[in-house]
Every structure is written in structure tokens, then in C-alpha cells.
Amino acid sequence: MWLVGGVLVYATALVVGGRGSVGALLKSSAYALMPLALAPIPVVGWLAAAYAAGLQVVAVLTTMHLGALRSVVAVLAPVALAIGAMLLLTLLFFSVISTGP
């Protein structure tokens, strides 16, 4: 999952004007996502996820030579795309079920 997400963030960063290597971004992304190891802990998990998202933005900012706003867009665009795809699939699923046999 880290590899797919990292490549999607890299592609989005290139679209918004970033310049850097995919290897450097994947390495910094791996370090940035380490706080997610605490995700199973109930309250600490939410804080760790927010901290990891912030670290991911800093990783994109430094390795892709982008500004803060473009780094946030590069990190959040793949997340928004995934949420949109899940919503579309959910709507498709329920429309097929509601039509009946």
C-alpha cells in the first residue's frame, strides 16, 4: 500500500509542478508513515495519523521542491480520488442491489 500511495503522490506532485526523484520521495514517505504503527491504539491512533499526514506533507515539500499548498494538494489529491472511487463503487453496488432480480 505504501508503494502504490507513494507513486500516486509522486505523480500528483509532478502534475502540480514538483521536481524530484521517485526514490527520494518513497524513502521519505516511508519514514513519514512510521507513526502509523501506533494506529491500533484507540486515541493515540488518530493523533498518529494526523502527525503522519503532516510528515507526509513535509516529505513532499522537501523532496519534490514544492511550496506548502502544492504539497498539501499532492498528498490529499490521491486520498480524495480514493474516497471518490469508493463512493462511486458503493453507489453502483446499491443501485444494482435495488433493481432486484
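The coordinates are above.
Cut-offs used in this document
- Residues numbered from 1 in each chain as written.
- Predicted model: local features only at pLDDT ≥ 70, side-chain atom pairs only at ≥ 80, totals over all residues.
- Heavy atoms only, no water.
- Helix = DSSP H or I, 4+ residues; strand = E, 2+ residues; numbered from the N terminus.
- Polar contact = N/O pair within 3.5 Å; in protein donor to acceptor, adjacent residues only side chain to side chain.
- Contact = heavy atoms within 4.5 Å.
- Axes fitted to C-alpha atoms, helices over the stretch in contact; angles between N-to-C directions.
- Parallel < 35°, antiparallel > 145°, perpendicular 65-115°, else oblique.
- Left-handed = near helix turned anticlockwise from the far one by under 90°.
- Patch = residues over 30% accessible without salt bridge, like charges linked within 9 Å, V, L, I, M, F, W, Y side chains within 5 Å.
- Areas by Shrake-Rupley, 256 points an atom, 1.4 Å probe, with all protein chains shown as cover.
- Salt bridge = Lys/Arg side-chain N within 4 Å of Asp/Glu carboxyl O.
- Core = buried A, V, L, I, M, F, W, Y, C linked by side-chain atoms within 4.5 Å.
- Buried < 20%, exposed > 50% of the residue type's maximum accessible area, 1.4 Å probe, protein only.
- Expected span 1.5 Å × (residues − 1).
- Nonpolar A, V, L, I, M, F, W, Y, C, P; charged D, E, K, R; others polar.

**Brief notes about the side chain of Thr 63**
Among the structural elements, Thr 63 can be located in helix H3 (residues 42–63). Side-chain polar atoms of Thr 63 contact the backbone oxygen of Ala 59, separated by 2.6 Å. If near-sequence neighbours (up to four positions away) are discounted, Thr 63 is found in contact with Arg 19, Gly 20, Ala 24, Leu 25 and Ser 28.

**Concerning the packing of helix H2 (residues 22–32) against H3**
Where H2 contacts H3, the axes come no closer than 9 Å and their chain directions differ by 160 degrees. Comparing their axes, H3 and H2 come out roughly antiparallel. Here the hand of the crossing between H2 and H3 comes out right-handed. In this structure, H2 uses Ala 24, Leu 25, Ser 28, Ser 29 and Ala 32 to contact H3, whose residues at the interface are Ala 52, Leu 55, Gln 56, Ala 59, Val 60 and Thr 63.

**Observations regarding a nonpolar patch on the surface**
Judged by side-chain polarity, Val 72, Leu 76, Val 79, Ile 83, Met 86 and Leu 87 come together as a nonpolar surface patch covering roughly 540 Å² of accessible area. With respect to the element layout, Val 72 can be found in helix H4 (residues 68–99).

**Digging into the nonpolar core**
Val 9, Tyr 10, Ala 13, Val 16, Leu 25, Val 57, Val 60, Met 64, Leu 66, Ala 74 and Val 75 form the largest nonpolar core, which has 11 residues in total. It is helix H1 (residues 2–15) that provides the largest number of residues to this core, a total of 3 residues.

**Some details on H3**
Spanning 22 residues, H3 covers 32 Å between terminal C-alpha atoms, matching the ideal 32 Å at 1.5 Å per step. Of all the residues in H3, the buried ones are Gly 45, Ala 48, Ala 52, Gln 56, Val 57, Ala 59, Val 60 and Thr 63. Buried residues belonging to H3 abut H1, H2 and H4. Following H3 by one or two positions, His 65 has its phi on the positive side, about 55 degrees.

**Quick word on the packing of H1 against H4**
One way to put it is that H1 packs onto H4 with a least axis distance of 8 Å and a crossing angle of 130 degrees. One finds that H1 runs oblique with respect to H4. Crossing handedness for the pair H1 and H4: right-handed. Of H4, the residues touching H1 (which contributes Leu 8, Val 9, Thr 12 and Ala 13) are Val 73, Ala 74, Val 75, Ala 77 and Pro 78. For the contact of H1 with H4, the per-class residue count stands at 8 nonpolar, 1 polar and no charged.

These figures come from the coordinates and say nothing about function on their own.
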